[in-house]
Every structure is written in structure tokens, then in C-alpha cells.
Amino acid sequence: MNFSTLTKALSGGLALSAILTGVALADPAVIYDLGGKFDKSFNEAAYNGAEAWKAATGGSFLDLELQNDAQREQALRRFAGQGANPIVMAGFSWTAALTAVAPEFPDTNFVVIDTVVDAPNVQSILFDEHTGSFLVGVLAAMKSETGTVGFVGGMDVPLIHKFYCGYAQGAKAANPDIKLIENYTGTTPAAWNDPVTAGELAKAAVDAGADVVYAAAGGSGLGVLQAMKDAGKFSIGVDSNQNYLQPGSVLTSMLKRVDVAVQNALTEAADDATFKPGLTVLGLANDGVGYAVDDNNKDLLTPEMLAAAEDYKAKIIAGEVTVHDYTTDSACPL
């Protein structure tokens, strides 16, 4: 990692100076995935969680925006070697780097979101994105007047297929005759930061009849929200509450509470007595996923739509409705 990359990547002169000079770090660290800290989606949710922890505790944290995949191991070693603890990583692409580095620093607590690394000093946090996506699929199908809804994913990987498959199951539950249009912005990490392509895919879905499109594409999703607004149609945001970005056009946002996960991790993983190594799964029952209703979209959702979504939510939690998880078998049974 060179000087100019670090200058752009690290927030705050103190953190930059400490990393470059090897000064011991006492603060926790948060490392974002590719796509940028302020992507209005996944990474920004992680940042907001860290900021919430900071506000609640008066503590401070170091953070780093990756510029490419090659920086992962080096970033982990730099932070861990200089005493940052815990180190929280956002994104499924951390598997290999953390598997390699965690054993080198057995006294450092690591927390990784969206992947599983089996080590005694690692907590892995997963979300039931498929169940939250099921609920917004119900809302999309009930809102649609054309009988066609769309999906624009970011990188074409199993995790994002998990979003799509849950969404499709929810849409089909609400309207068995619904037509679904599925697209992804790319097959490399650049797919998370390509709003132009995402917007073009949304426009193509509109041309094919879709009047609601769900974006699960990180920063690329902003292009979907803009395209649907321009077309006079509806979008669905993801991860963070994105309703405010295009008020009156964003039908809802599928909430994935990365912010809560990060805030809790910074609190619990700082102390060996409260650190929880192993796998933690957050879903509907513990508000790990859900959908957003606020002043920006409440007029778009009828009482019937909300009642249906809440009924399915209760049935999923109770085990009366099962939502298939694409990542268990790489299949979507529709």
C-alpha cells in the first residue's frame, strides 16, 4: 500500500500518521469493502454503525477504504500489528485474507460481515437477506400495475442471488402470475460502483414492462433509483434506508442492519469477556433485516400492502412460511 493510496483511504491525519510510522494503535478499526465508504448503502451502513458506537461511548475508531482487493491482507496486518482491536470488516470478499491473517494475531478479535471464517478469534456475522427481500417482493408485486417487476443486482455472486431469490419468492407469493426481470451490473468488484450501467439495466426493465425495480447493488443502485424516478416508476433500495434519496419514488428499502452489527461488534469484541467468536445470524426475529417505512414512502404503501407484509413476516418468524436460501444449494425454486 503506497503513500498516496493511504492518503486517500484513511480518514484522519492521526490514523494516517500512525499507520505510516508504526505508532501503536489503541482504537478499534473498521475496514470497508470496495465501492466507497459513502455508497449510501452497505459500506455507509457500516460507517454509520461505527459513528453510533462513537457517539454512545465517546470512543474513536480508525477506518480504511480499500482501493483494490490486493490491499486486504496488508491492511489487516498493518492494523493488527499495531494494536487495533477489534478489527471489523464489511463484505464477503474478506474470506481469504482473514483466513490467512487471523491465526497470526491470536490476541486480536476480528469481526467479519457477510462471510464465515472459522477461527477462535473471529466472529462471523451473516444476515437472512432472503427473508427481508421476500417482504419487499410482496410489496413490489402488490404495487405493480403492469404485473412485471425487476431486479438489478451488483456483482453476479451467490450472495446477491440470495437477495433476488427471496425477492422473487415474495413477489410470486403475492401474485403467482408476476413476471420477473433479473439483471446484474457485472462480474467483478467494479459492479458495486457503476450507477450508469445499473441505471441502463433499470431503464431496460421499464421498457420491458417493469414498474418496480429492486436494486441490490451497493453504490451502483443509485443509478437504479434515479432511472426509476426519471421514468415515473418505483424503485426499492437496499441495506440502508434509501427512501430519502428519491422521495415518492422509492417504494421502500430492504433494511440489512449492518449498522447495528458494527455498533454491537465494536462494543462486544473490544472485551474478551463479551466477544462472541463463531457464527451469528441476524434475521427478521431480531430485526436484523426488514423494510423501511417513513415519511418519504408511507403514502406509497396501502394498509393492505403493509398488512400482507406483516402477515408474511409473522409467518416466516413462526416457521409457517419457509423462504428458500439460494446460497444453500445455488438454486432458486420458482
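Anything mentioned here points back to the structure above.
A few points on the structure. (Residues numbered from 1 in each chain as written. Predicted model: local features only at pLDDT ≥ 70, side-chain atom pairs only at ≥ 80, totals over all residues. Heavy atoms only, no water.)

**So, a nonpolar patch on the surface**
Stated precisely, the cut-off is as follows: What goes into a patch is any residue over 30% in relative accessible area without a salt bridge, connected to like charges within 9 Å or, for nonpolar side chains (Val, Leu, Ile, Met, Phe, Trp, Tyr), within 5 Å. Here, Shrake-Rupley sampling with a 1.4 Å probe gives the accessible areas, and only protein chains in the shown set may cover a residue. Just to be clear on terms, a salt bridge is a Lys or Arg side-chain nitrogen sitting within 4 Å of an Asp or Glu carboxyl oxygen. For each residue, the accessible area found with a 1.4 Å probe, counting protein chains only, is set against the maximum for its type, and the residue is called buried under 20%, exposed over 50%, and partly exposed in between.
The grouping of V116, L279 and V281 at the surface amounts to a nonpolar patch, some 250 Å² of accessible area in total. Taking relative accessible area as the criterion, V281 reaches 39% and is therefore assigned partly exposed.

**Thoughts on the packing of helix α8 (residues 195–207) against helix α9 (residues 221–230)**
A pair of packed helices is characterised by two quantities: the angle between their axes and the separation of those axes. To be explicit about the condition: Structural elements are reduced to axes, namely lines fitted to C-alpha atoms, with helices fitted over the stretch in contact, and the angle between N-to-C directions of any two is expressed from 0 to 180 degrees. Numbered from the N terminus, helices here are DSSP runs of H or I no shorter than four residues, and strands are runs of E no shorter than two. Roughly parallel means an angle under 35 degrees; roughly antiparallel, over 145; roughly perpendicular, 65 to 115; everything else is oblique. The handedness criterion is simple: a crossing whose near helix is rotated anticlockwise from the far helix by less than a right angle is left-handed, and one whose near helix is rotated clockwise is right-handed. Any pair of residues with heavy atoms lying within 4.5 Å of one another is described as a contacting pair.
Two elements in contact, α8 and α9, have axes separated by 7 Å at closest approach and are oriented at 40 degrees. Relative to α9, α8 is oriented oblique. Of the two elements, α8 crosses α9, and the hand of that crossing is right-handed. Where α8 abuts α9, its residues P195, A198, G199, A202, K203 and V206 lie against G223, V224, A227 and M228.

**Here we look at the nonpolar core**
Here is the rule: Put simply, buried Ala, Val, Leu, Ile, Met, Phe, Trp, Tyr and Cys residues joined by side-chain atoms within 4.5 Å make one nonpolar core.
In this structure, F151, I160, F163, Y167, Y214, L251 and V262 are the most contacted members of the largest nonpolar core, which totals 65 residues. Excluding its chain neighbours within four sequence positions, the residues that come into contact with F163 are E129, S133, F151, Y214, A216, V238, D239, M254 and K256. Among the nonpolar cores identified, the runner-up in size contains 24 residues, and L66, M89, A97 and F105 belong to it.

**Description of the pairing of strand β5 (residues 122–127)**
Defined as follows: Here, a strand pair is defined by DSSP locating no fewer than two bridges between the strands.
Of all six residues in β5, five are buried; the element is thus mostly enclosed. The pairing of strand β4 (residues 110–113) with β5 spans four bridges and is classified as parallel. For V112, the partnering residue across the bridge sits in β5 and is S124. Here β5 runs beside strand β11 (residues 278–282); their pairing, made up of five bridges, is parallel. Bridged to S124 within β11 is L279.

**Thoughts on the pattern of salt bridges**
By the definition in use, this model includes 13 salt bridges. Measuring nitrogen to oxygen at the nearest pair gives 2.8 Å for the salt bridge that ties R77 to E104. Pair noted here: R77 is in helix α4 (residues 72–81) and E104 is in the loop between α5 (95–101) and β4, with a separation of 27 residues, a long-range link. K162 is the salt-bridge partner of D325, the closest N and O atoms lying 3.9 Å from each other. One end of the pair, D325, is in the segment after α11 (303–318); the other, K162, is in helix α7 (residues 158–174), with 163 residues separating them in the sequence. Look at the salt bridges and you will find they share partners, linking D114, E129, K162, K256 and D325 into a network.

**A few points about α4**
Since one α-helical turn is 3.6 residues long, residues separated by three or four positions face the same way. How we decide: An arc is given here, and it is the one of the directions from the helix axis to the C-beta atoms.
When α4 is considered as a whole, its buried residues turn out to be R72, A75, L76, F79 and A80. Angularly, the buried residues of α4 cover 120 degrees about the axis, an arc narrow enough to put them on a single face. Once α4 finishes, G83 follows within two positions and takes phi at roughly 100 degrees, a positive value.

**Details of the sheet that holds β11**
The six strands are arranged β2-β1-β3-β4-β5-β11 in an open sheet whose pairing can be described as parallel. The open sheet has two free edges, formed respectively by β2 (62–65) and β11, since each of these has just one partner strand. Across the sheet, the axes of successive neighbouring strands diverge by a mean angle of 15 degrees, strand direction being ignored. Most of the contacts of helix α3 (residues 42–57) go to strand β1 (residues 29–32), to which it runs at about 170 degrees, and overall it touches β1, β2, β3 (87–90) and β4.

**Quick notes on the packing of aromatic side chains**
This is how the line gets drawn: Working definition: rings of Phe, Tyr and Trp (its six-membered ring) pair if their centres are within 6.5 Å, and the pair is stacked with planes under 30 degrees apart, edge-to-face with planes over 60 apart, and tilted otherwise. Look at NZ for Lys and CZ for Arg. If either is within 6 Å of the ring centre and within 35 degrees of the ring normal, a charge sits over the ring.
In total, this model carries eight aromatic pairs according to the counting rule given. Note on F38 and Y47: the rings are 5.1 Å apart at their centroids and 75 degrees apart in plane angle, and the pair reads as edge-to-face. When its relative accessible area of 49% is taken as the criterion, F38 is described as partly exposed. Measuring from ring centre to ring centre gives 4.9 Å for Y167 and Y214, while their planes differ by 50 degrees; the resulting arrangement is tilted. Pair noted here: Y167 is in helix α7 and Y214 is in strand β8 (residues 212–216), with a separation of 47 residues, a long-range link. Comparing Y167 with Y214 shows no difference in burial state: the two are buried. Every member of this aromatic cluster is reached through a ring pair, and the members are F151, Y164, Y167, Y184 and Y214. Here R72 stacks its cationic end above the ring of W94, 4.8 Å away from the centre of that ring.

**Here we look at the environment of V213**
Its place among the elements puts V213 in strand β8. For V213 and A140, which are 73 residues apart along the polypeptide, the C-alpha to C-alpha distance reads 8.0 Å.

**Overview of the sheet that holds strand β7 (residues 179–186)**
Strand order in the open sheet made by the six strands is β7-β6-β8-β9-β10-β12, with mixed pairing throughout. Each edge of the sheet is formed by a strand with only one pairing partner; in this case those strands are β7 and β12 (289–291). Strand-to-strand twist in this sheet, taken as the mean axis angle between neighbours without regard to direction, amounts to 15 degrees. As defined by bridge partners, β8 adjoins strand β9 (residues 234–239) across three bridges and the pair is classed as parallel. Counted as the bridge partner of Y214 is I236 from β9.

Distances and angles like these do not, on their own, reveal function.
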